[in-house]
Amino acid sequence: MNPRRGGGLRGVVIGVVGVLLIGLLLERGLLDLPDAPEVPEFQTVRAAHASSDVWLLDREGRPLQPIRVDHARRRLNWTPLEEIAPNLVEILVRVEDRAFHQHRGVSWLSVLGAIKDRLLHGSRRGASTLTMQLVGLLERGSGGWSGRRGLRQKWLQMRAAWAMERSWSKAEILEAYLNLVPFRGELQGIAAASRSLFDKAPSGLLPAESILLVAQLPAPNGPVVRTTARACALAARIDPEISCPELTTRAERLLRGRLPPVRAEVALAPHAARWLIRGRGPEIGSSAGLRSTLDADLQRSASESLDRQLAQLAGHNVRDGAVLVVENATGAVLAYVGGGGVDPSARHVDGVRALRQAGSTLKPFLYQLAIEERLITAASLLEDSPVELVMPTGIYQPNNYDREFRGWVSARTALASSLNVPAVRVLMVTGLAPFAARLRQFGYYVREEGSFHGHALALGSVEVTLWQQVNAYATLANGGLFVPLVLESDRQPPAPRRITSAESAFILADILSDPLARTPTFGLGNPLATPFWSAVKTGTSKRMRDNWCIGFTPRFTVGVWVGNFDGQPMREVSGISGAAEVWLEVMLAARHRFGSGGDDPELPPGADMIHRSILFEPAVEPPRREWFLTGTGSDTIRLHDGALRPSRIRSPGDGAILAMDPDIPPGLQRLVPRMSPVHPGNQWRLDGVPWPAVPEGWELVPGSHQWELLDGEGRLLDRARFQVRGATRHVERE
């Protein structure tokens, strides 16, 4: 042997023996050296542990939904050792630290073995015990020295392990280790790993699952092939009945690519949670959670009702929906279901906040404006008959949902039965700009001027959100007081502000609660007829893309939307067959959850109004009692005889532009003028020349023209100017 080499080896051996001797003295507390590492108490470590989620809680502190606020790592709440499967703890100790229950922080046999392997074979065999590994995890978490490797760092780690074993129990060390150790990807701690990889609590882990977890510890993000090989080797040592091919298949499925999400035990309000944390950081809430105004029972009930209805409507191409329930007096949101169903078109879209076309749900605010301005009363007669309106984009011909017209009806019947043409006629009285301004007052975000939408604004051409809808209807329920909706229990909302008079709000609520007034369209047996007082309105947008049902009792307002987030039209779905079924179930659930609120009285009438009996002449509607603003009431609502009512030109509309088709012979392109109402004695005049009303109509002639309608004595009743543009054909040149 080389003398120099032999002397060097003896020096190393002497040094090792010296270190071991000092270590044994330190381990038993017989020797103390300066600058000993400080070891935190177990309770301090446990208290400092923060989940990457904050829980959204309901108004009573019950968990609703986890909200992820830390995106650097994925870990859940601290898991006590008694809630971790014993087989996992047993496998961990057997594989990572066989002498764990015997040593005092450092395994001298492992240290000697590591030194021998390094001297003789040059290998870097590990000698860290679970206690030393835990010290390293704590130091890495605090940015300390153990992130750097070297003899000095290993020595400090050993000294910290001895100190830990003197103040911590073995159970505490195992518990802390399993809550802090990293697994694959961003997973940290046994709870996150178990939930993500196996969708179960740590208490339910099977031996094969525990082996897959322990096999990750030496290199959590190493190649899947090596992790699989390690798992198979462990299974052969621990339980030969565990199949290596089965472990390989599971490891490939779980560890390769993106990890499965961590499924929460409770997940009732994902969209509400995402809305609450928008633009916030980890400071949101606290370890105790973020308390909301939601009610867990009602939230669950509303979600289940929506899911059931969407399942029934699946054959009608309906996949998405949303529900919002609020308390009228406080604006507190009690249920917030942003989506549902088993096959949503866009799972992460929030249906409560998404912009959708309003349909007929805006009509109550139009009638309220007209009543408040004393332009009409609930008993005023409106004509439900065909009408043509000239718009910048062409001729607008509103139709009712069932494409039938009912003649003269009262404003009460027109609104409750959701007739379109009378609503357009009311908008012609109030004006576009005042109605758009009124919608903004009720909280609707109408970006364009009223003229942008034209008279289609009366039928809900503007886009709105369910949040806006429910807030606006709750304002009617509050007698015209706008109370902003709140979702956070500790947030103080702005003071309520008056939007409209209590009297006009009461009349609107009374109309929307009248089951007889909605009979012409909806019949008597429908989900809108609740066994208690409620006011409700449905709406369907054009091409059946959106379906609404929004209504209120004196205490609650419930809004429901169903449709498709991707804009696909539904098939054969109306307000009654779509959203109304969910509305009724949720309204009943809210009443059951919070009680009836006494005798469920109607909304109280205002001071500046009267209630009187009325008759219609002729009897277009039965006699009834009706509410009026003071000074607008009448005992008899008379309709002048139709023969005395002057006719008007129905088509073409004044200012219309007609374009001739180049592919149709000119002689076949004709126009038949129409009047309403029709009186046989009336006469037509075209460009100042009497025109005999012939069935085949007038042959179109390019240029500017004017129809005039005269009565039997030649008096001018109406005039319509229009243009005919000649046909042009595009000829391609070679």
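**Q** Where do I start with the overall build of the protein chain in this structure?
**A** A count of helical and extended segments in the protein chain gives 22 helices and 28 strands. Each of the 734 residues in the protein chain was classed as buried or not, and the buried ones make up 52%.

**Q** Any chance you could explain the packing of helix α14 (residues 363-372) against helix α17 (residues 432-441) here in plain terms?
**A** Packed helices, taken two at a time, are described by the angle their axes make and the gap between the axes. The geometry of α14 relative to α17 is characterised by a closest axis approach of 10 Å and an angle of 110° between their N-to-C directions. In terms of axis orientation, α14 runs roughly perpendicular to α17. Judged by the twist between their axes, the crossing of α14 over α17 is right-handed. Taking contact as the criterion, the partners of F365, L366, Q368, L369 and E372 in α14 are, on α17, P434, F435, R438 and L439.

**Q** Please clarify how the nonpolar core should be interpreted in this entry.
**A** Proteins that are soluble and globular tend to have nonpolar side chains buried together. Counting residues in hydrophobic clusters, the biggest one holds 83 residues, and the most contacted among them are L324, Y367 and Y444. In terms of residue count, helix α19 (residues 466-477) provides more of this core than any other element does, eight residues in total. Setting aside its immediate chain neighbours within four residues, Y444 contacts L362, F365, L439, V464, Q468, Q469, A472 and Y473. Among the nonpolar cores identified, the runner-up in size contains 60 residues, and M132, L187, I190 and A231 belong to it.

**Q** What is the right way to look at the sheet that holds strand β17 (residues 609-617) in this model?
**A** The strands that make up a sheet are held in pairs by hydrogen bonds between backbone atoms, and each pair lies either parallel or antiparallel. Taken together, the three strands give an open sheet; going across it, the order is β18-β17-β19, and neighbouring strands pair in mixed fashion. Every interior strand has two partners, whereas the edge strands, β18 (624-629) and β19 (636-638), have only one. The sheet shows a mean angle of 50° between the axes of neighbouring strands, direction not considered. Here β17 runs beside β19; their pairing, made up of three bridges, is parallel.

**Q** What's the story with the side chain of E626 in this structure? I'm lost.
**A** With respect to the helices and strands, E626 occurs in strand β18. Residue class for E626 comes out buried when judged on its relative accessible area of 0%. Within the local environment of E626, its side chain forms a polar contact with the side chain of R412, the two groups lying 2.6 Å apart. Look past the residues within four positions of E626 in its chain and what remains in contact with it is A378, A379, R412, I610, H611, R612 and I614.

**Q** Help me understand the packing of aromatic side chains in this model?
**A** Here a ring pair, both rings aromatic, is described through the centre-centre distance and the interplanar angle of the planes. In this structure the tally under the stated criterion is 15 aromatic pairs. Both rings, one in F506 and one in W627, keep their centres 4.9 Å apart while their planes meet at 80°; by these two values the pair is edge-to-face. Here W627 lies in strand β18 and F506 lies in helix α20 (residues 502-512), a separation of 121 residues in the sequence. As far as the burial class goes, F506 and W627 line up, both buried.

**Q** Would you take a moment to explain the sheet that holds strand β16 (residues 556-563) for this structure?
**A** In space, the five strands of this open sheet follow the order β5-β4-β16-β15-β14, with antiparallel pairing throughout. Each edge of the open sheet carries a strand with a single partner, namely β5 (333-337) and β14 (535-540). Averaged over all adjacent pairs, the angle separating strand axes in this sheet is 5°, with direction ignored. With eight bridges connecting them, strand β4 (residues 320-327) and β16 associate as antiparallel partners. Bridge pairing in β16 places V325 opposite V558.

**Q** Looking at this model, I keep getting lost on the environment of N179. Mind explaining?
**A** Structurally, N179 can be placed in helix α7 (residues 170-180). Considering only alpha carbons, one finds N179 and G189, 10 residues apart in sequence, at a separation of 4.1 Å.

**Q** Could you clarify how one ought to interpret the state of the cysteines in this entry?
**A** Covalently bonding the sulfur atom of one cysteine to the sulfur atom of another cysteine gives a disulfide. A complete count under the given rule lists one disulfide for this structure. There is a disulfide in this structure between C232 and C244, and the S-S distance comes to 2.1 Å. On the sign convention where negative is left-handed, the bridge of C232 and C244, at about 85° about the S-S bond, is right-handed. With a gap of 12 residues between them, C232 in helix α10 (residues 224-238) and C244 in helix α11 (residues 244-255) connect regions that are remote in the sequence.

**Q** Whenever I open this one, α10 confuses me. Can you help?
**A** Helical geometry note: an α-helix holds 3.6 residues per turn, so side chains three or four residues apart project in the same direction. With 15 residues, α10 extends 21 Å between its outermost C-alpha atoms, agreeing within 8% with the 21 Å of an ideal straight helix rising 1.5 Å per residue. Among the residues making up α10, those that are buried are V224, T227, T228, A231, C232, L234 and A235. For α10, the arc enclosing every buried residue in end-on projection is 165°, short of the 170-degree limit, so these residues lie on one face. Turned more than 90 degrees off the buried face of α10, the exposed positions are V225, R226 and A236. Of the surrounding elements, those touching the buried residues of α10 are α3 (86-96), α9 (207-214) and α11.

**Q** How do you make sense of the pairing of strand β7 (residues 381-384) when you look at a structure like this?
**A** The side chains of a regular strand alternate between both faces of the sheet. Burial along β7 is two-sided: the face carrying L381 and E383 and the face carrying L382 and D384 are both buried. In this sheet, strand β10 (residues 407-410) lies alongside β7 in antiparallel orientation, the contact comprising four bridges. Paired with E383 across the bridge in β10 is W408.

**Q** Help me out: how do you make sense of the pattern of salt bridges in this one?
**A** Two side chains bearing opposite charge may form a pair once their charged atoms approach each other closely. Counted by the stated rule, this structure contains 35 salt bridges. Here R593 and D295 are joined by a salt bridge, their closest N and O atoms 2.9 Å apart. Of this pair, R593 sits in helix α22 (residues 579-594) while D295 sits in the loop between β3 (290-291) and α13 (296-312), and the two are 298 residues apart along the sequence. Here D295 falls in the buried class, since its relative accessible area comes to 0%. Among the ionic pairs, D514 bridges to R412, the shortest N-O distance being 3.1 Å. A residue pair is termed long-range when its members are at least 10 positions apart, and D514 in the loop between α20 and α21 (519-522) and R412 in helix α15 (residues 411-416) qualify at 102 residues. The class for D514 is buried, based on a relative accessible area of 17%.

Definitions and limits used
- Residues numbered from 1 in each chain as written.
- Predicted model: local features only at pLDDT ≥ 70, side-chain atom pairs only at ≥ 80, totals over all residues.
- Heavy atoms only, no water.
- Helix = DSSP H or I, 4+ residues; strand = E, 2+ residues; numbered from the N terminus.
- Buried < 20%, exposed > 50% of the residue type's maximum accessible area, 1.4 Å probe, protein only.
- Axes fitted to C-alpha atoms, helices over the stretch in contact; angles between N-to-C directions.
- Parallel < 35°, antiparallel > 145°, perpendicular 65-115°, else oblique.
- Left-handed = near helix turned anticlockwise from the far one by under 90°.
- Contact = heavy atoms within 4.5 Å.
- Core = buried A, V, L, I, M, F, W, Y, C linked by side-chain atoms within 4.5 Å.
- Pairing = 2+ DSSP bridges.
- Polar contact = N/O pair within 3.5 Å; in protein donor to acceptor, adjacent residues only side chain to side chain.
- Phe/Tyr/Trp six-rings, centres within 6.5 Å; stacked < 30°, edge-to-face > 60°.
- Disulfide = S-S within 2.5 Å.
- Expected span 1.5 Å × (residues − 1).
- Arc of directions from axis to C-beta.
- Salt bridge = Lys/Arg side-chain N within 4 Å of Asp/Glu carboxyl O.

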